Amino acid sequence: MTAIGAQAQRLLAHRRPQKSFFETLIRSLIILCVAIAVVLSSISVCDGRWLFARGQLFGLWHFCTVSNGSVLKCVTDLSLAQVEGLSMGVIPIRSMVSFAVVVAIFGLELLMVSQVCEDANARRKWSMGSVLILGSFLLSATGVLSFSVLVKDHLTFTGFTLTYWCEFVAAFLFFLNGISGLHINTLTHPRNGVGKI
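These numbers were taken from a predicted model, which means no experiment stands behind them.

Draft legend 1. Spatial organisation of the overall build of the protein. Regarding its fold elements, the protein presents 5 helices and 4 strands. Traced from its N-terminal end to its C-terminal end, the protein shows the element sequence α-α-β-β-β-β-α-α-α. Split into buried and exposed, the 197 residues of the protein put 38% on the buried side. Considering only contacts in the protein between residues 6 or more positions apart, those separated by 24 or more positions represent 65%. Summed over its atoms, the accessible surface of the protein is roughly 11,400 Å², and 69% of this surface lies on carbon and sulfur atoms.

Structural data, given as structure tokens:
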């Protein structure tokens, strides 16, 4: 056997087996849903107006009141809202939900790179991306719940704005896709070598 033939044999032995159509489809759908969640969360954080109650609009960055003629008057000084702890409590909430978007972007990048560059570390990149997506879920869910606790005296189910629900749905999608990403990795690459979709 020639040296080139030996090298070809070695490369074929280390080559990753072909993925099935369904595995590729599921991984692509997970990536798509994470991308949608990142967009929803980004919109929610940038707008930041999460609750409308009694003619007042509470948000991460602004506090607004509706005056006569339906004109919004917004200020960045959240202490004017006269909600105990809102001006200081919203600072870590802003940080959490903003950091959740950043972590999700890095997780999404790892998920995409693991699919584009099918090297020996592709499985680890996918797992790490899924873990980062779960970290995003923890950060954004904590931010959503903390905001709800801060403004608990003004809460009504219909008072939550569309951007609040965007963040809520994004947190839910982060959870589902993080768990799904880890699960499909264990299904397609089991530790004991048994079973494959």
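Structure shown, so let's carry the discussion forward.
Draft legend 2. Focus on the nonpolar core. One finds W50, F58, L60, L86 and F147 to be the most contacted residues of the largest nonpolar core, which totals 21 residues. Sorting the residues of this core by element identifies β1 (49-53), α3 (86-116) and α4 (122-150) as the ones contributing at least two each. Ignoring anything within four residues of it in the chain, the contact list for L60 reads V45, G48, W50, L78, V90, I93, R94, V97 and F147. Among the nonpolar cores identified, the runner-up in size contains 16 residues, and L40, I133, A170 and F174 belong to it.

Draft legend 3. Spatial organisation of a nonpolar patch on the surface. Nonpolar side chains collect at one region of the surface, where F21, F22, L25, I26, L29, L32 and I36 lie side by side and expose about 680 Å² of accessible area between them. Note that L32 resides in helix α2 (residues 21-47).

Draft legend 4. Structural context of the environment of F63. Take F63: it is sitting in strand β3 (residues 63-66). Taking the C-alpha atoms as reference points, F63 and T76, 13 residues apart in sequence, are found 6.3 Å from one another. Dropping the residues within four chain positions of it, F63 is found in contact with Q56, L57, F58, K73, C74, V75, L78, L80 and A81.

Draft legend 5. Main features of the pairing of β3. Pairing of strand β2 (residues 56-59) with β3, which is carried by 3 bridges, proceeds in the antiparallel orientation. Note that in β3 the partner of F58 across the bridge is F63. Count of turn residues in the β2/β3 antiparallel hairpin: 3 residues. Bridge count between β3 and strand β4 (residues 72-75): 4 bridges; the pairing is antiparallel. Its bridge partner lying in β4, V66 is registered against L72.

Draft legend 6. Region of the structure containing the state of the cysteines. Using the criterion set out here, one finds 1 disulfide in the structure. Between the sulfur atoms of C64 and its disulfide partner C74 the distance amounts to 2.0 Å. Where C64 bonds to C74 through sulfur, the torsion about that S-S bond is close to 105°, and the disulfide is right-handed. Within this pair, whereas C64 is found in strand β3, its partner C74 is found in strand β4, the two being separated by 10 residues in sequence. For C64, a relative accessible area of 0% gives the class buried.

Draft legend 7. How the structure looks around the side chain of S41. By the element assignment, S41 lies in helix α2. Assessed through its relative accessible area of 0%, S41 is described here as buried. Side chain to side chain, S41 and E167 meet in a polar contact 3.0 Å long. Each residue touching S41, except ones within four places of it in the same chain, is listed here: V101, E167, A170 and F174.

Draft legend 8. Local environment of the packing of α2 against helix α5 (residues 162-188). Where α2 contacts α5, the axes come no closer than 8 Å and their chain directions differ by 155°. On the basis of the axis angle, α2 is roughly antiparallel to α5. Seen from above, α2 lies across α5 with left-handed handedness. Residues that form the contact of α2 with α5 fall into these classes: 16 nonpolar, 8 polar and 4 charged.

Reading the values: the criteria
Residues numbered from 1 in each chain as written. Predicted model: local features only at pLDDT ≥ 70, side-chain atom pairs only at ≥ 80, totals over all residues. Heavy atoms only, no water. Helix = DSSP H or I, 4+ residues; strand = E, 2+ residues; numbered from the N terminus. Buried < 20%, exposed > 50% of the residue type's maximum accessible area, 1.4 Å probe, protein only. Contact = heavy atoms within 4.5 Å. Areas by Shrake-Rupley, 256 points an atom, 1.4 Å probe, with all protein chains shown as cover. Core = buried A, V, L, I, M, F, W, Y, C linked by side-chain atoms within 4.5 Å. Patch = residues over 30% accessible without salt bridge, like charges linked within 9 Å, V, L, I, M, F, W, Y side chains within 5 Å. Salt bridge = Lys/Arg side-chain N within 4 Å of Asp/Glu carboxyl O. Pairing = 2+ DSSP bridges. Disulfide = S-S within 2.5 Å. Polar contact = N/O pair within 3.5 Å; in protein donor to acceptor, adjacent residues only side chain to side chain. Axes fitted to C-alpha atoms, helices over the stretch in contact; angles between N-to-C directions. Parallel < 35°, antiparallel > 145°, perpendicular 65-115°, else oblique. Left-handed = near helix turned anticlockwise from the far one by under 90°. Nonpolar A, V, L, I, M, F, W, Y, C, P; charged D, E, K, R; others polar.

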